[in-house]
Amino acid sequence: MISMFRRGILPMLFAAVALPAFAQERSITVASTTSTEQSGLFGHILPIFTRESGIAVRVVALGTGQALDVGRRGDADVVFVHDRAAEERFVAEGFGGPRRHVMFNDFVITGPAADPARIAGLGDTAEALRRIAAARAPFISRGDRSGTHAAELRLWQLAGIDPATGRGQWYREVGQGMGPALNTAAAQGAYILADRGTWLSFRNRQDQRILIEGDVRLFNQYGVMLVNPQRHAHVKAADGQRFIDWLLSAAGQAAIASYRINGEQLFFPNADKPEPVS
């Protein structure tokens, strides 16, 4: 009788205990940007997804270039970033896709209230950067291959300025994420290009102010892609695709839209809308 109990009942009891524990281990890894992490967006939407799906999401938050490299190595199941040109190269190289746009916000240029380069209120971002360079006013660059860094370099090119000529003087690269870069700008009274989401969640502003906003060239689109399971067989394609489908669904888009700080919406879902032309 005891032997039968050990052979029959105990294994069933073990299975009853082990199955819930196993279910809790169902997870995916998403390589994403510091802006989605440091703005607090993931802290808002991921618990909603996990409750609905039973899939936990581990986020590796890096600059977009580094996040895409994580995807290339197969160290993530999904990539969720914001540099469309780099994302399209990732797809063309066969590392993942298709690429789908999810949401957008915008970039702003912040700087000290004293505004030594006199850029406040300009509608032309390129002119603002030319004035910063002409004044040799301190400018903090993330310098980390992030989507924000790529956007900043495109804007300098549009302005006809090579900021490398001021490197180590007025142009200072920190090689860090958005939050630490904003801290550096605040401490040094410098200008910086930031995504609005991280700026709104940033508390150590000191006398920093938004000085440039609203230019169509400051549009900031986010895209999502599944890492190619044919390149990396261990990619959790089904669960990764479920996360992507949720982001693009009415429920996921509503979760993104509902994230606010002090009543202000940080990200605007646009999975079903065309992007504005810059």
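We now turn to the structure provided with this report. (Residues numbered from 1 in each chain as written. Predicted model: local features only at pLDDT ≥ 70, side-chain atom pairs only at ≥ 80, totals over all residues. Heavy atoms only, no water.)

Points about the nonpolar core
- Grouped together as the largest cluster of nonpolar side chains are 39 residues, with contacts concentrated most on Ile 45, Phe 80, Val 102, Met 103, Phe 243 and Leu 247.
- Val 102 has contacts with Phe 80, Gln 221, Tyr 222, Gly 223, Val 224, Leu 247, Leu 248, Gln 253, Ile 256, Pro 269, Asn 270 and Ala 271, leaving out every residue within four places of it along the chain.
- Formed by 23 residues, the second largest nonpolar core is a distinct cluster that contains Leu 122, Ala 159, Leu 193 and Ile 212. (Core = buried A, V, L, I, M, F, W, Y, C linked by side-chain atoms within 4.5 Å. Buried < 20%, exposed > 50% of the residue type's maximum accessible area, 1.4 Å probe, protein only. Contact = heavy atoms within 4.5 Å.)

Thoughts on the packing of aromatic side chains
- In the structure shown here, the tally under the stated rule is 14 aromatic pairs.
- On the numbers, 6.4 Å between centres and 80 degrees between planes, the contact of Phe 80 with Tyr 222 is edge-to-face. In this pair, Phe 80 sits in strand S3 (residues 78-81) while Tyr 222 sits in strand S9 (residues 219-226), placing the two residues 142 residues apart along the sequence.
- Arranged with centres 6.0 Å apart and planes meeting at 85 degrees, the rings of Trp 156 and Tyr 171 form a pair that is edge-to-face. Taken together, the positions of Trp 156 in helix H7 (residues 147-159) and Tyr 171 in strand S6 (residues 171-173) put the pair 15 residues apart, joining distant regions of the chain. In terms of burial, Trp 156 and Tyr 171 fall into one category: buried.
- The side chain of Arg 205 reaches across the aromatic face of Trp 199, ending 4.3 Å from its centre. (Phe/Tyr/Trp six-rings, centres within 6.5 Å; stacked < 30°, edge-to-face > 60°. Helix = DSSP H or I, 4+ residues; strand = E, 2+ residues; numbered from the N terminus. Lys NZ or Arg CZ within 6 Å of the ring centre and 35° of its normal.)

Notes on the packing of helix H4 (residues 64-73) against helix H5 (residues 84-92)
- At a minimum axis distance of 11 Å, the contact between H4 and H5 shows a crossing angle of 10 degrees. In terms of their interaxial angle, H4 and H5 are classed as roughly parallel. Together, Leu 68, Gly 71 and Arg 72 of H4 and Ala 86, Glu 87 and Phe 90 of H5 make up the contact between the two elements.
- Residue composition of the contact of H4 with H5, by class: 3 nonpolar, 1 polar and 2 charged. (Axes fitted to C-alpha atoms, helices over the stretch in contact; angles between N-to-C directions. Parallel < 35°, antiparallel > 145°, perpendicular 65-115°, else oblique. Nonpolar A, V, L, I, M, F, W, Y, C, P; charged D, E, K, R; others polar.)

Taken by themselves, the reported measurements are silent on function.
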